[in-house]
Amino acid sequence: MRRSADGEPGDGLTGEQRADRLKERIYITFTALAVVLALASHASELEAGEAALTLIVTVGGAVLAVFAADVIAHIAVHQVLPTRSEAQQMFAVSFGALATLVLPMVFLLFAQTERWTVEASLRASTIALIVSLAAIGWLAVRRVKLAWWQRLIVLLLEVVLGVAVVGLELLAHSL
């Protein structure tokens, strides 16, 4: 990866913009995981198309809510509409997080074409989303200026928090 003069990745984004993208990717991944876990508990009653539509509508609604919140917060704080550049950044941050749905949609397509069962596609989706969260966690800690064992502790704490979130989602659904 190219690096700028200050050692940051040469993607043209500020550190804050990269943080915003990571934050939204994490949020939307957890949202997708919650939906997939809920769908998995009813997988025997679902068609693949129903599961895909539920996932798209729910996660799409969350993405729209995040975008609306960004715009409203900008207006409230700055008392002006976002500039074109700011609006494009908000759009990219919010809607870029939809990339999280690629693998779950591919897996549900496998179920739609009867290559996999709905249960198997939702299980694979759960695994893919958890792996995605782990990868995001690694991206977050890999360049932190800490000793390797301190980065490992931070990564493990991220995993523990992630497992706690999944546990709470499962608990909430079982109530």
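Residues numbered from 1 in each chain as written. Predicted model: local features only at pLDDT ≥ 70, side-chain atom pairs only at ≥ 80, totals over all residues. Heavy atoms only, no water.

Section: the overall build of the protein chain
Link 1 in the chain: Each helix and strand counted, the protein chain has six helices and zero strands in total.
Link 2 in the chain: In terms of its C-alpha atoms, the protein chain occupies a principal-axis envelope of roughly 55 × 45 × 35 Å.
Link 3 in the chain: A burial count over the protein chain gives 29% of its 175 residues as buried.
Link 4 in the chain: In the protein chain, once contacts between residues fewer than 6 apart in sequence are set aside, the share between residues at least 24 apart is 62%.
Link 5 in the chain: Accessible surface, the protein chain as shown: approximately 10,900 Å² in total, 68% of it carbon and sulfur.
Link 6 in the chain: Each charge sign in the protein chain was given a centre, from 13 positive and 15 negative side chains, and these centres are 12 Å apart. (Helix = DSSP H or I, 4+ residues; strand = E, 2+ residues; numbered from the N terminus. Buried < 20%, exposed > 50% of the residue type's maximum accessible area, 1.4 Å probe, protein only. Contact = heavy atoms within 4.5 Å. Areas by Shrake-Rupley, 256 points an atom, 1.4 Å probe, with all protein chains shown as cover. Lys, Arg positive; Asp, Glu negative; His and termini not counted. Charge placed at Lys NZ, Arg CZ, Asp CG, Glu CD.)

Digging into the nonpolar core
Link 1 in the chain: Core analysis: the biggest nonpolar cluster contains 25 residues, and Leu-55, Val-59 and Leu-122 have the highest contact counts within it.
Link 2 in the chain: Elements represented by at least two residues in this core include exactly helix 1 (15–40), helix 2 (48–78), helix 4 (102–112) and helix 5 (118–141).
Link 3 in the chain: The biggest single contributor to this core is helix 1, with eight residues.
Link 4 in the chain: Those residues within four positions of Val-59 in sequence are excluded, and the remaining contacts are Ile-28, Thr-31, Ala-32, Leu-98 and Leu-101. (Core = buried A, V, L, I, M, F, W, Y, C linked by side-chain atoms within 4.5 Å.)

Quick word on helix 6 (residues 148–174)
Link 1 in the chain: For helix 6, with 27 residues, the first-to-last C-alpha span of 39 Å sits near the 39 Å given by 1.5 Å per residue.
Link 2 in the chain: For helix 6, the complete set of buried residues consists of Leu-155, Gly-162 and Val-166.
Link 3 in the chain: Elements in contact with the buried residues of helix 6: helix 1 and helix 5. (Expected span 1.5 Å × (residues − 1).)

Remarks on the confidence of the model for the protein chain
Link 1 in the chain: For the protein chain, the mean per-residue pLDDT works out to 87, and 94% of the residues sit at or above 70.
Link 2 in the chain: Considering each helix and strand of the protein chain separately, the mean pLDDT is smallest for helix 6, with a value of 83, and largest for helix 4, with 97.
Link 3 in the chain: Residue range residues 1–8 is modelled with pLDDT below 50. Its contacts to residues more than four positions away, or to other chains, number twelve contacts. (pLDDT = per-residue confidence, 0-100.)

Some thoughts on the packing of aromatic side chains
Link 1 in the chain: Applying the stated criterion across every chain, the model contains six aromatic pairs.
Link 2 in the chain: Relative to Phe-91, the ring of Phe-67 lies with its centre 6.0 Å away and its plane at 85°, an arrangement referred to as edge-to-face. Of this pair, Phe-67 sits in helix 2 while Phe-91 sits in helix 3 (residues 84–96), placing them 24 residues apart in sequence.
Link 3 in the chain: Given the relative accessible area of 45%, Phe-91 is considered partly exposed.
Link 4 in the chain: Measuring from centroid to centroid gives 4.9 Å for Phe-110 and Trp-116, while their planes differ by 70°, and the two rings are edge-to-face.
Link 5 in the chain: Judged by relative accessible area, which is 25%, Phe-110 ranks as partly exposed.
Link 6 in the chain: Among the aromatic side chains, those forming a connected cluster through ring pairs are Phe-67, Phe-91 and Phe-95. (Phe/Tyr/Trp six-rings, centres within 6.5 Å; stacked < 30°, edge-to-face > 60°.)

A closer look at the packing of helix 2 against helix 3
Link 1 in the chain: Put simply, helix 2 and helix 3 touch, their axes get as near as 9 Å, and they point 150° apart. Here helix 2 lies roughly antiparallel to helix 3, going by the angle between them. Where helix 2 crosses over helix 3, the handedness of that crossing is right-handed. In this structure, helix 2 contributes Val-63, Leu-64, Val-66, Phe-67, Asp-70, Val-71 and His-74 to the contact, and helix 3 contributes Glu-86, Ala-87, Met-90, Phe-91, Ser-94 and Phe-95.
Link 2 in the chain: The residue inventory of the contact of helix 2 with helix 3, partitioned by class, reads nine nonpolar, two polar and two charged. (Axes fitted to C-alpha atoms, helices over the stretch in contact; angles between N-to-C directions. Parallel < 35°, antiparallel > 145°, perpendicular 65-115°, else oblique. Left-handed = near helix turned anticlockwise from the far one by under 90°. Nonpolar A, V, L, I, M, F, W, Y, C, P; charged D, E, K, R; others polar.)

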